[in-house]
Amino acid sequence: MELIPQNIKVALLAGGTSGEREISLQSGKGAGEALRAAGFSVTEFDPANSEDLVELIRGSFDVAFLCLHGKHGEDGTMQGFLETINLPYTGPGVWSSATAIDKAKAKVHYIEDGITTPQSVTLRSANEMSAEEIIQKLGNHVVVKPATEGSALGVSIVEGAEELQKAIDADFEMDKKVVVETYVSGTELTVAVLGNANPKALPVIEIVPQLGEFYDFESKYAAGGSDHICPARLSEELTQKVQQTALAAHKALNCRGVSRTDIILGEDGTCWVLETNTIPGMTATSLLPDAARVAGMDFPQLCTKLIELALE
């Protein structure tokens, strides 16, 4: 059955209460313009306002379009709320969202499915393991990240015990759990996957940060913070390998609709999976719209596809 946008009432959810609120509002603005251009009737809601949630329950909408990033939006809480009020929504379900946002839990499922991911330790307190013990296990060059924050918030690459302890302490200010993993050098790539029963990988994007040594918060969102090369400068064989890895991550976390997996391609051709995002950004500089464009899908068509998948 062909979807007729003019007949569909969309509740667009953006904002929320996470550390990524401003990015979420930008995503909402971008997606809202694209959805209206495609012909949908769109009403915006901000879950930070309880009145908006009441209105969402009372309203008669056909689908919720999620542009929420981080906690209370990308972690299964909003997905559970929408399932309770029986409103279909874009992107993966409750379990997939809750698992993907927790970098430590996602790794368990990657490893179970034979997906290569950097070796790591998960800390539940700042003094659970000494910096020296962590270095003994993972090496001197490590990445420290809050377990359940997105947009590279709180992510740092450090060397030595003193720097490591400082980074761990800082991350416990923003999260109850911290992941420390072995630093892996290589080409930074990201691959979006679209689909439900038969998902397909979009063209691979190569990320070249211009402001820092990796794709941190500033590189992601500042104008000129990074160059996105799509399709990535890879051989056909490596392109397929990277796309298969992203599909494997999508399936390992039981995603539907859409996901975007960040991968480091090592010099030896190893694909190291870092994390999977279940609500990729929808701003003017975001990666998912970039990849869709190269695949021949403009922004309104991409948003239409996400709604088709939500209603399937």
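Residues numbered from 1 in each chain as written. Predicted model: local features only at pLDDT ≥ 70, side-chain atom pairs only at ≥ 80, totals over all residues. Heavy atoms only, no water.

**Notes on the overall build of the protein**
- Each helix and strand in the protein was counted, giving 11 helices and 13 strands.
- Taking 2.2 N^0.38 as the reference for a compact globule, 312 residues should give roughly 20 Å; the C-alpha atoms of the protein span a radius of gyration of 19 Å, in line with that estimate.
- Taken over the C-alpha atoms alone, the protein extends approximately 60 × 45 × 35 Å along its principal axes.
- Taking all 312 residues of the protein together, the buried fraction comes to 55%.
- Intrachain contacts of the protein at a sequence separation of at least 6 include 67% that bridge at least 24 residues.
- Accessible area of the protein: about 13600 Å², with a carbon and sulfur share of 49%. (Helix = DSSP H or I, 4+ residues; strand = E, 2+ residues; numbered from the N terminus. Rg over C-alpha atoms; globule rule 2.2 N^0.38 Å. Buried < 20%, exposed > 50% of the residue type's maximum accessible area, 1.4 Å probe, protein only. Contact = heavy atoms within 4.5 Å. Areas by Shrake-Rupley, 256 points an atom, 1.4 Å probe, with all protein chains shown as cover.)

**Concerning the sheet that holds strand E3 (residues 63-66)**
- Strand order across the open sheet formed by 3 strands is E2-E1-E3, with parallel pairing between neighbours. Each of the sheet's edge strands pairs with one partner strand only, and the pair in question is strand E2 (41-45) and E3. The mean angle between the axes of side-by-side strands here comes to 30°, regardless of whether they run parallel or antiparallel.
- Inspection of the sheet shows strand E1 (residues 9-13) paired to E3 by 4 bridges, in the parallel sense. The partner of alanine 11 across the bridge, within E3, is alanine 64.
- The strands that helix H1 (residues 21-37) touches are E1, E2 and E3; relative to E1, the one it contacts most, it runs at about 165°.
- Sheet strands in contact with helix H11 (residues 299-311) are E1 and E3, and its direction is about 130° off that of E3. (Pairing = 2+ DSSP bridges. Axes fitted to C-alpha atoms, helices over the stretch in contact; angles between N-to-C directions.)

**Some thoughts on the side chain of aspartate 262**
- Within the secondary structure, aspartate 262 is located in strand E12 (residues 257-265).
- Of the residues examined, aspartate 262 reaches a relative accessible area of 12% and is grouped as buried.
- Here threonine 190 takes part through its side chain, which lies 2.7 Å from a polar atom of the side chain of aspartate 262. (Polar contact = N/O pair within 3.5 Å; in protein donor to acceptor, adjacent residues only side chain to side chain.)

**A short note on the packing of helix H4 (residues 94-101) against helix H5 (residues 103-112)**
- With their axes 5 Å apart at the nearest point, H4 and H5 run at an angle of 105° to one another. Here H4 lies roughly perpendicular to H5, going by the angle between them. Of the residues in H5, those touching H4 at Trp95, Thr99, Ala100 and Ile101 are Lys103, Lys105, Ala106 and His109.
- Taken together, the residues of the contact of H4 with H5 break down into 4 nonpolar, 2 polar and 2 charged. (Parallel < 35°, antiparallel > 145°, perpendicular 65-115°, else oblique. Nonpolar A, V, L, I, M, F, W, Y, C, P; charged D, E, K, R; others polar.)

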